[in-house]
Amino acid sequence: MSSSPFINSLSRYMRMRGYSLQTEKTYLHWIRCFIRFQHRRHPAQMGHVEVIQFLDFLATDRGVSVNTQKIALNALAFLYNQFLQKPLGDLGFKLANKPARLPCVLSSNEVAKLLAVMSARDQLLFALLFGSGLRISECLRLRLKDFDFERNCLTVHNGKGDKDRVTILSATLKPLFDTQMAAALAVQLQDNQTGIGPSMPDALGRKYPNAFRKPAWMFLFPSTGICTHPVTGVLCRHHLHPSVARKALQQAVNTAGLLHKRINCHTFRHSFATELLRSGRDIRTVQDLLGHTDVATTQIYTHVLGQHFAGTHSPLDMLSF
């Protein structure tokens, strides 16, 4: 189905409008699932009734999470409202209520324990997640040009919502950065000898055909193998896959013995926010550093710290036993 004329035209439509490759991949996945669920009928022959049937199937039979329901709904809304120009209107479908859950966070000491049992490369990667509040995808996409140790700042390009932002960069990472940069440049130099380089964003590869030879464009965390660019078809080297980071983290968690918490890559970003608030930083500053559109998203970390009931003491404190 991935090579059908309909899917190919849908893919081209999304690329013409600047959708990220990850969004394209996700939307196409759910549109394919919808078509298969409806016995491979063409979407143009269906409408809101079939969409409701599919969403109900996901919620009741598959038991997917609320976030997954939303993603599937967004994909189908895009398909009908924009691509097919056949608006779905009010579906009358209510998503399941998402229970409020507080994120798991790590203390600075726990982060230090994890970093201590990692390789130099992984130390740098996870130190950036914790020290700069990055998402794992943002961290792996970093290129050498994004680092400014003179001003101790880091530029994040094409973050969530396709937004750029500048965040803080710890000067203590300079030695680890220099070591990893040297390793990345050695990979680039070897690749350049065969006409290969880092994958380039958008149309920059055509506009600047020799940019892949410039150190500024090299990924800080290059992948161990080369691949074919999904858009241009050019042979190139991409950045590390997130699964590499996840495996390294799981090994570190086991080695450090921090098995009492549910720790993933995003935990370091949560911990970055809570540590800044704990040290007295303004919530608006934290919002900007994280790249949140709404301060309400950032406010969840005040609940993690217990700041929403600041000044209230446990009644147990009044007992002596």
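Heads up: these notes are all about the structure in this document. (Residues numbered from 1 in each chain as written. Predicted model: local features only at pLDDT ≥ 70, side-chain atom pairs only at ≥ 80, totals over all residues. Heavy atoms only, no water.)

### Side note on the pattern of salt bridges
A full pass over the atoms with the stated rule returns 11 salt bridges. Between Asp146 and Lys145 there is a salt bridge, with its nearest N and O atoms 3.2 Å apart. Owing to a relative accessible area of 34%, Lys145 belongs among the partly exposed residues under this scheme. When the shortest N-O distance is used, the salt bridge between Asp148 and Arg151 registers 2.8 Å. By relative accessible area, Arg151 is classed as exposed at 62%. (Salt bridge = Lys/Arg side-chain N within 4 Å of Asp/Glu carboxyl O. Buried < 20%, exposed > 50% of the residue type's maximum accessible area, 1.4 Å probe, protein only.)

### A few points about the nonpolar core
By size, the foremost hydrophobic cluster in this structure holds 38 residues, and its most contacted members are Leu114, Phe126, Leu128 and Phe268. Among the elements of the structure, helix H5 (108-116), helix H6 (120-132), helix H7 (136-140), strand S2 (153-156), helix H8 (174-192), helix H10 (242-256) and helix H11 (265-278) are those that each provide at least two residues to this core. Among the elements that make up this core, the one with the highest residue count is H6 (seven residues). Residues within four places of Phe126 in sequence aside, it is in contact with Leu115, Met118, Ala245, Leu249, Cys265 and Phe268. Within the second largest apolar cluster, 27 residues are counted, among which are Val51, Val64, Tyr80 and Phe83. (Core = buried A, V, L, I, M, F, W, Y, C linked by side-chain atoms within 4.5 Å. Helix = DSSP H or I, 4+ residues; strand = E, 2+ residues; numbered from the N terminus. Contact = heavy atoms within 4.5 Å.)

### Digging into the sheet that holds S2
Taken in spatial order, the three strands make up an open sheet running S1-S2-S3, and their pairing is antiparallel. Sheet topology places strand S1 (147-148) and strand S3 (165-168) at the edges, where each strand pairs with a single neighbour. In this sheet, S3 lies alongside S2 in antiparallel orientation, the contact comprising four bridges. Across the sheet, Thr155 pairs through a bridge with Val166, a residue of S3. On the sheet, H6 packs against S1, S2 and S3 and is oriented at approximately 100° with respect to S3. (Pairing = 2+ DSSP bridges. Axes fitted to C-alpha atoms, helices over the stretch in contact; angles between N-to-C directions.)

### Structural notes on helix H2 (residues 21-37)
End to end, H2 covers 24 Å across 17 residues, agreeing with the expected 24 Å (1.5 Å per residue, within 8%). In this structure, the buried side of H2 is in contact with helix H1 (5-16), helix H3 (48-60) and helix H4 (66-83). Count one or two residues on from H2 and you reach His39, which has phi positive near 60°. (Expected span 1.5 Å × (residues − 1).)

### With respect to the environment of Ile263
Looking at the element boundaries, Ile263 is found in the loop between H10 and H11. Residue class for Ile263 comes out buried when judged on its relative accessible area of 14%. Between the C-alpha atoms of Ile263 and Tyr13, which are 250 residues apart in sequence, the distance is 38 Å. Those residues in contact with Ile263 that lie beyond four places of it in its chain are Leu106, Leu114, Leu249, Val253, Leu258 and Phe268.

### Some remarks on unusual backbone geometry
In this structure, Gln85 is a non-glycine residue whose phi angle is positive, near 55°. By secondary structure assignment, the location of Gln85 is in the loop between H4 and H5. Although it is not a glycine, Asn152 adopts a positive phi angle of roughly 55°. Examined against the element boundaries, Asn152 turns out to sit in the loop between S1 and S2.

### Quick look at the side chain of Asp122
Within the element layout of this structure, Asp122 appears in helix H6. Polar contacts involving the side chain of Asp122 include one to the side chain of Ser119, which spans 3.2 Å. (Polar contact = N/O pair within 3.5 Å; in protein donor to acceptor, adjacent residues only side chain to side chain.)

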